[in-house]
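Observations on the three-dimensional arrangement
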Amino acid sequence: MSKPEKFFDENGLRLDGRRVDEIRPMKIEVGVLSRADGSCYLEWGNNKVLAGVFGPRELHPRRMQRPDTAIVRYRYNMAAFSVEDRIRPGPNRRSTEISKVSREAFEPVVLTHLYPSAVIDVFAEVLQADAGTRTAAINAAAIALADAGIPMKGLVSACAVGKVDGKLVLDLGKDEDNYGDADLPVAMTQDGDVTLIQMDGNFTQDEFKEAMELVKVGCKQILEIQREALKGKFSQSETEEIENEAVIEAPAPEVEKAENEKVVETEDDEMVEVETEDDETVEVETEDDETVEVETEDDETVEVETEDDETVEVETEDDETVEVETYDEEVVETEIIETEEDNENVGNVVMEDDENDKEPDENIDEDIGKGETNE
Ligand code: CDP
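Structural notes, computed from the coordinates. (Residues numbered from 1 in each chain as written. Predicted model: local features only at pLDDT ≥ 70, side-chain atom pairs only at ≥ 80, totals over all residues.)

**A short note on the overall build of the protein**
When helices and strands are counted, the protein shows five helices and 20 strands. Relative to its 375 residues, the protein shows a buried fraction of 38%. Sequence-distant contacts, at least 24 apart, represent 60% of the contacts inside the protein between residues at least 6 apart. (Helix = DSSP H or I, 4+ residues; strand = E, 2+ residues; numbered from the N terminus. Buried ≥ 20, exposed ≤ 12 C-beta atoms within 10 Å, placed from the backbone. Contact = placed C-beta atoms within 7 Å.)

Next comes the structure, spelled out in structure tokens:
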């Protein structure tokens, strides 16, 4: 790649058509790594960065622990394939320096004192580099930290400002970075406190002041994008939660309880109400409104047919327990937790009084109590 002939067109627009105060398009995905506590994939122009956060977790070896605070470790790494010329894998002087300053960029915001002796690991992997990777990594890491639920005073946003052909430009592109006159990467908190500043090249004092104003605008824009990304993730999961809660907490319909009603409780706490409707048929209603028809076959066994044609057998085992077996051999053990003394029992089904003429099975009498059922 060679130096472009000019960096601005006749309208003052940059090589990629941006204005001098315009950042490259940024796309953020939150929570992309299932094994990380928090993660983020970020694209910024042609940069592609993945950040993963692990922790807070106990720091080993123990002699490295700080009894009053957690430590934050930050590893910036460029994939070998992320640049035009392959990078030799492993840490180098540049990545060690970037890791150090990036860790320090988060120091003022992460509430490390809440996790004594712990470590919070931040990994930033640059998959594709196109100028501004340290700032891209910081933006992604801030999201990953938030995604991991690490308490912070606020987010950290980062952007570079530079000088090209004597003009200040926000968020340098690759050619601007390579062939420009100056590069000033900055990270700041949402309150505008600078947590990272590095400089390559020269600015006059006035240029420097102006550059700082410009980069502040850039960081604010990025902060908005970060916030939106987090809102997108967490408002979505809130909605899901509310929907789930609605399912879980939806009250069972008020059923007028007949005298002969029994309530049985399945082992996994699912409540099933059993109510006789007539001599032959009872309705079983689960708390989630599902209704099954129960038909007596004989004194010992009843067949339960769900509305969607699934058939289950309800069989008395003893006074307290009935077994509900679906035809696909799924077995549910239910336990009677409430009984009405004056009713005849057939399994977990309580028959109405006019059913008392029926001769119940001997076993049932024994199990359920003859005296009560056959007065
Ligand atoms: O990426 P950042 O601007 O934070 O750091 P830099 O050291 O100023 O590097 C500028 C750009 O040069 C990187 O984004 C890469 O695109 C490229 N670069 C490279 O091609 N090979 C390297 N070993 C280092 C950087």
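The rest of the description comes next.
**Here's the deal with the environment of Gly 218**
Along the chain, Gly 218 falls in helix H4 (residues 205-249). When the C-alpha positions of Gly 218 and Ala 158 are compared, they lie 8.1 Å apart, and in sequence the two are 60 residues distant. With near-sequence residues (within four places) excluded, Gly 218 lies in contact with Ile 23, Cys 159, Val 161, Leu 170 and Asp 171.

**Things to note about the packing of helix H1 (residues 93-106) against helix H2 (residues 133-147)**
Two elements in contact, H1 and H2, have axes whose closest approach is 11 Å; the angle formed by their N-to-C orientations is 40°. By the angle between their directions, the pair H1 and H2 is classed as oblique. Two packed elements cross with a definite hand, and for H1 against H2 that hand is right-handed. Between H1 and H2, the contacting residues are Ile 98, Ser 102 and Ala 105 on the first element and Arg 134, Ala 137 and Ile 138 on the second. Across the contact of H1 with H2, the residue classes break down as four nonpolar, one polar and one charged. (Axes fitted to C-alpha atoms, helices over the stretch in contact; angles between N-to-C directions. Parallel < 35°, antiparallel > 145°, perpendicular 65-115°, else oblique. Left-handed = near helix turned anticlockwise from the far one by under 90°. Nonpolar A, V, L, I, M, F, W, Y, C, P; charged D, E, K, R; others polar.)

**Side note on the site of the ligand**
Neighbouring residues of the ligand: 14 residues in total, closest Val 83, Ala 129, Ala 131, Thr 133 and Arg 134. Elements with a contribution of two residues or more to the shell around the ligand: H2, helix H3 (174-179) and strand E8 (182-189). Here the residues of the shell around the ligand sort into five nonpolar, two polar and seven charged. (Near = placed C-beta within 6 Å.)

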